[in-house]
Number of protein chains: 2
Amino acid sequence: MIEGVYLDGIASGIKSNGKKDLGYIFVPDACASACVLTQNACRAAPVLITEKHKKLGRFKAVFFNSGNANMLTGSTGFETAQKMQQVAAESLGLSLEAVAIASTGKIGELLDLDTVNAGAFRLFQSLETQDFEACMTAMLTTDLLNKSTYQSATINGQKIEVAGMAKGSGMIEPNMATMLAFLVTNVAIEPEMLQQIFSQAVSDTFNMISVDSDTSTNDTALIISRPARTINWDDADQFKRYYNVVYQACRDLAIQIVRDGEGMTKLMHVTVRQAPNAALGQQIVKSIINSPLVKTALHGGDPNWGRIIAAAGKAPGASAGVRVDCIELRIANTLVFQSGEPIAINTPVLRKELQESDTVAIDLALGCGTVDVEGWGTDLSKTYIDINVAYT
Amino acid sequence: MIEGVYLDGIASGIKSNGKKDLGYIFVPDACASACVLTQNACRAAPVLITEKHKKLGRFKAVFFNSGNANMLTGSTGFETAQKMQQVAAESLGLSLEAVAIASTGKIGELLDLDTVNAGAFRLFQSLETQDFEACMTAMLTTDLLNKSTYQSATINGQKIEVAGMAKGSGMIEPNMATMLAFLVTNVAIEPEMLQQIFSQAVSDTFNMISVDSDTSTNDTALIISRPARTINWDDADQFKRYYNVVYQACRDLAIQIVRDGEGMTKLMHVTVRQAPNAALGQQIVKSIINSPLVKTALHGGDPNWGRIIAAAGKAPGASAGVRVDCIELRIANTLVFQSGEPIAINTPVLRKELQESDTVAIDLALGCGTVDVEGWGTDLSKTYIDINVAYT
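Residues numbered from 1 in each chain as written. Chains lettered and ligands numbered in written order. Predicted model: local features only at pLDDT ≥ 70, side-chain atom pairs only at ≥ 80, totals over all residues. Heavy atoms only, no water.

When you go through chain A residue by residue, the secondary structure sums to 11 helices and 18 strands. On C-alpha atoms alone, chain A measures out to a radius of gyration of 22 Å, which is about the 21 Å that the 2.2 N^0.38 rule sets for 392 residues. Projected onto the principal axes, the alpha-carbon positions of chain A cover approximately 65 × 55 × 35 Å. Burial analysis of chain A (392 residues in total) assigns 60% to the buried set. Here chain A has roughly 13,900 Å² of accessible surface; of this, 47% comes from carbon and sulfur atoms. Averaged over its 32 positive side-chain charges, chain A has a centre that lies 2 Å from the centre of its 41 negative ones. (Helix = DSSP H or I, 4+ residues; strand = E, 2+ residues; numbered from the N terminus. Rg over C-alpha atoms; globule rule 2.2 N^0.38 Å. Buried < 20%, exposed > 50% of the residue type's maximum accessible area, 1.4 Å probe, protein only. Areas by Shrake-Rupley, 256 points an atom, 1.4 Å probe, with all protein chains shown as cover. Lys, Arg positive; Asp, Glu negative; His and termini not counted. Charge placed at Lys NZ, Arg CZ, Asp CG, Glu CD.)

As structure tokens, then:
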């Protein structure tokens, strides 16, 4: 973990199974923070509170719980979230606006404030703990895999670091895909610039993954920086290399989330190339990774290229960038469609290759621009249905 | 069937299983036609040809095949589609622009022109056949149910009729949801007005159903009118009542398509009320009927209201119309959420009711407008996955 970053996690009793469910990350000398929150119009109480202060870019800590999303819990839930922020601020000696909060887990059930308070009392007893593992596991709900990343680079002659952890995705206990990601870094930076960098990185990574197309009410991605190192931000190369460290950290966590998608057996890595602009490229990637027909074909290792082209064609705005005569489609590096005509391929051989792979690359060149976009999805399995038919 | 409408269907050999696969509808004295085609940017050859002439509103016939979509078949496929239009026009004694064509079935395989020509020779031998059943079954691919409708009303003292047939939906043999719907009616009407009425009716019915959110490359809905009856189009009440006959016919067919959705066990009937406008209401309905989380919950008969609200909240533009404090949600007429708070319900009783129902009504009042919108979807079952894991 990065020097000067303190973190921990405990089992407070919010989860009935005795697993860790309460944690924090604290960067006492933080100089900037940036935050991206769910776009769902229905937002959980902790998201509303974090939203309120995010523009300041002055978070020095995040305090979170798992096991309960504190969502659709009315005014009582909102008060509980306020109290969560308050107890963390008091324990850490911070002002309210320096503490972000986040919750993940069940929807529509009240989060017990006494449990949170008692847990906070234990959790914040020592403020010098650096237990990455405890903090990371306290975020998890039905995750099967731990998710962490550490990226570094030498920029301006100094060691620049980004470390982070995440939970999700899939429909996490019990109601929907809920993604949390918390990162820390060690550069002197203004909040506006950190927000700009982080927003772009989130847009290119976390926002380009999908397990089931369902946007959570609690999604929160947050980064906090402490000014241990300096970068010359006016140097385009240094800026770009720092962006890349943040991007790689986000990309690494995003792919780990997809790898833990509910019921997934195969990772779908979609690249749309030669798009006229990033927005359309993203729409087309998302249309492919969210198509039930593409997802079921992937599950069967079926090289069903017709479904992929149809999914591209149904993307919003596709008529501006998808022309059958111009596209080239490759599945697992095999060219299957070009110049408006199917390519004769050995289907049984390709099918066998897909069935034996745990990652399948889909590469669609649109032939109408210069922008490349990538995204990651899962197949759709019966296990997904088993997991999701009964929770309420 | 409506007087003056001729139709038939035969097994021409396009389908290898010997089932009917070639058919036509012919209205010799047609006065107007209207047509709505797939919005997919990738369109099959027959769609491109029908598109070319649809604005004239002068189709007097539709000639179609099933078993092969003639999609992603390159220039050869396009020539075959042109020849299809030509052979029908010559056989029926019509100009090219009076003949719409449509295809449905496998993607990426060439449609054999000799088979179509030999079939057309048999099919068009008599032009006085009125075999609705033969025509309707010639449209089907993997459909399990026949789909037809007949609606009538007395308007302006005359019997006004709309009859129709449809095929789809679900991922029909083998690649995607493919929907065709052909209707006939018996009023003197200008093409522009018929198009206006039909576009609205399609928008409110066929475009508000979903089995798997995948838009076909071949979708075609068409209506042809013969001037047997007259309506006073300047009379708003007569206009409205005629619209309603067309709307009911489309709605009836649309629901039949959903009822035949692949692997479906339950119909989801979603009504979004009190929306600020129709566009947002439609987005929210579609977000709910396409949510994998809502669909799996429906499959298990699970009253998971949190997923429904989250699906509403993720709809594009939802922030303009979804406010947790204003919404009221009813599942199967049971109020489950109101004024930002969950309602205490007897979950086991509601779950049992849902599990025993083959249709589940979801009613979401947004509390921020006056527009009501409805739509229809299916649950998501393991059978859907079985059907779609291997086709290529």
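Turning next to the sheet that holds strand β3 (residues 32-37) of chain A. Residue and element names in this part refer to chain A. Taken in spatial order, the five strands make up an open sheet running β3-β12-β10-β7-β6, and their pairing is mixed. Looking at strand neighbours, the two that pair on one side only are β3 and β6 (148-155), the edges of this open sheet. Taken over all neighbouring pairs, the strand axes of this sheet differ in orientation by 15° on average, direction set aside. One ladder, built from eight bridges, connects β6 with strand β7 (residues 158-167); its direction is antiparallel. Within the sheet, the bridge partner assigned to I155 lies in β7 and is Q158. In the packing of helix α1 (residues 45-54) onto the sheet, the strands contacted are β3 and β12 (220-229), and the crossing angle to β3 comes to about 135°. Contacts from helix α6 (residues 236-259) reach β6, β7, β10 (180-187) and β12 within the one sheet, and its direction differs from that of β6 by about 165°. (Pairing = 2+ DSSP bridges. Axes fitted to C-alpha atoms, helices over the stretch in contact; angles between N-to-C directions. Contact = heavy atoms within 4.5 Å.)

Attention shifts here to the pattern of salt bridges. Residue and element names in this part refer to chain B. Going through the model one piece at a time under the given rule, you end up with 21 salt bridges over all chains. Across the pair D358 and R259 runs a salt bridge whose closest N-O atoms are separated by 3.9 Å. In this pair, D358 sits in the loop between α10 (347-356) and β17 (359-365) while R259 sits in helix α6 (residues 236-259), placing the two residues 99 residues apart along the sequence. Looking at D358, the relative accessible area reads 47%, which means it is partly exposed. (Salt bridge = Lys/Arg side-chain N within 4 Å of Asp/Glu carboxyl O.)

This part takes up unusual backbone geometry. Excluding glycine, most residues fall at negative phi; most peptide bonds, likewise, are trans. Residue and element names in this part refer to chain A. Of note, the phi angle at N70 is positive, near 45°, even though the residue is not glycine. Within the secondary structure, N70 sits in the loop between β4 (61-68) and α2 (74-92). One non-glycine residue with positive phi stands out, namely N156, at about 60°. When its relative accessible area of 37% is taken as the criterion, N156 is described as partly exposed.

Under the counting rule described, the total for this entry stands at 14 aromatic pairs over all chains. When the ring of W233 of chain A is compared with that of F239 of chain A, the centres are 6.1 Å apart and the planes differ by 80°; the resulting orientation is edge-to-face. On the accessibility criterion, W233 of chain A (17% relative accessible area) is buried. Looking at F239 of chain A, the relative accessible area reads 23%, which means it is partly exposed. Judged by centre distance (5.2 Å) and plane angle (55°), the ring pair of F63 of chain B and F124 of chain B falls under tilted. One end of the pair, F63 of chain B, is in strand β4 (residues 61-68); the other, F124 of chain B, is in the loop between α3 (113-123) and α4 (132-138), and 61 residues separate them in sequence. The buried category is assigned to F63 of chain B, whose relative accessible area is 1%. (Phe/Tyr/Trp six-rings, centres within 6.5 Å; stacked < 30°, edge-to-face > 60°.)

Let us now look at the pairing of strand β7 (residues 158-167) of chain B. Across the 10 residues of β7 of chain B, eight count as buried, placing the element largely inside the fold. Linking two consecutive strands that pair antiparallel, namely strand β6 (residues 148-155) of chain B and β7 of chain B, is a turn of two residues; a positive phi of about 55° is found at N156 of chain B within it.

Residues and elements named next belong to chain A. Within the open sheet, the seven strands sit side by side as β11-β18-β13-β17-β14-β15-β16. Their pairing is mixed. Whereas interior strands pair on both sides, the edge strands pair on one side only; in this sheet they are β11 (209-210) and β16 (341-342). Relative to strand β15 (residues 334-338), strand β14 (residues 328-331) is paired through four bridges, and the arrangement is antiparallel. Residue R330 lies in a different strand from β15, and its bridge partner there is L335. Along the sheet, helix α9 (residues 305-313) makes contact with β14, β15, β16 and β17 (359-365), crossing β14 at roughly 130°.

All names here are of chain B. Among the seven residues of β17, five are classified as buried, and the element is accordingly described as predominantly covered. Examined bridge by bridge, strand β13 (residues 267-275) and β17 share seven bridges and lie parallel to one another. If you follow T271 over to β17, its bridge partner there is D363. Where strand β14 (residues 328-331) and β17 come together, four bridges link them in antiparallel fashion. Considered in β17, the bridge of R330 is made with D363.

All names here are of chain B. Topologically, D363 is positioned in strand β17. Overall, the relative accessible area of 19% leaves D363 in the buried class. There is a polar contact of 2.9 Å between the side chain of D363 and the side chain of R273. Ignoring any residue separated from it by four or fewer positions in sequence, one finds D363 in contact with T271, R273, E328, L329 and R330. (Polar contact = N/O pair within 3.5 Å; in protein donor to acceptor, adjacent residues only side chain to side chain.)

So, on to the nonpolar core. Counting residues in hydrophobic clusters, the biggest one holds 106 residues, and the most contacted among them are F182 of chain A together with F198, Y242, I284 and I288 of chain B. In this structure, I288 of chain B is in contact with M268, V270, V272, V294, I308, A311, A312 and L364 of chain B, ignoring residues within four places of it in sequence. Core analysis: the next-biggest nonpolar cluster, separate from the first, contains 105 residues, I231, M264 and V294 of chain A together with I107 of chain B among them. (Core = buried A, V, L, I, M, F, W, Y, C linked by side-chain atoms within 4.5 Å.)

Moving on: the environment of T378 of chain A. Residue and element names in this part refer to chain A. As for its position among the elements, T378 is in strand β18 (residues 371-378). Along the backbone, T378 and I231 are 147 residues apart, and their C-alpha atoms lie at a distance of 38 Å. Apart from residues no more than four positions distant in its own chain, T378 is found in contact with S210, V211, V258, G261, M264, K266, M268, K295 and L298. A polar contact is formed between the side chain of T378 and the side chain of K295, at a distance of 3.2 Å.

Moving on: the state of the cysteines. All chains considered together, the criterion is met by zero disulfides over all chains. Cysteine C368 of chain A remains unbridged, with the sulfur of C326 of chain A as its closest cysteine sulfur at 7.0 Å. With no disulfide of its own, C250 of chain B lies 12 Å from the sulfur of C35 of chain B, the closest cysteine sulfur. (Disulfide = S-S within 2.5 Å.)

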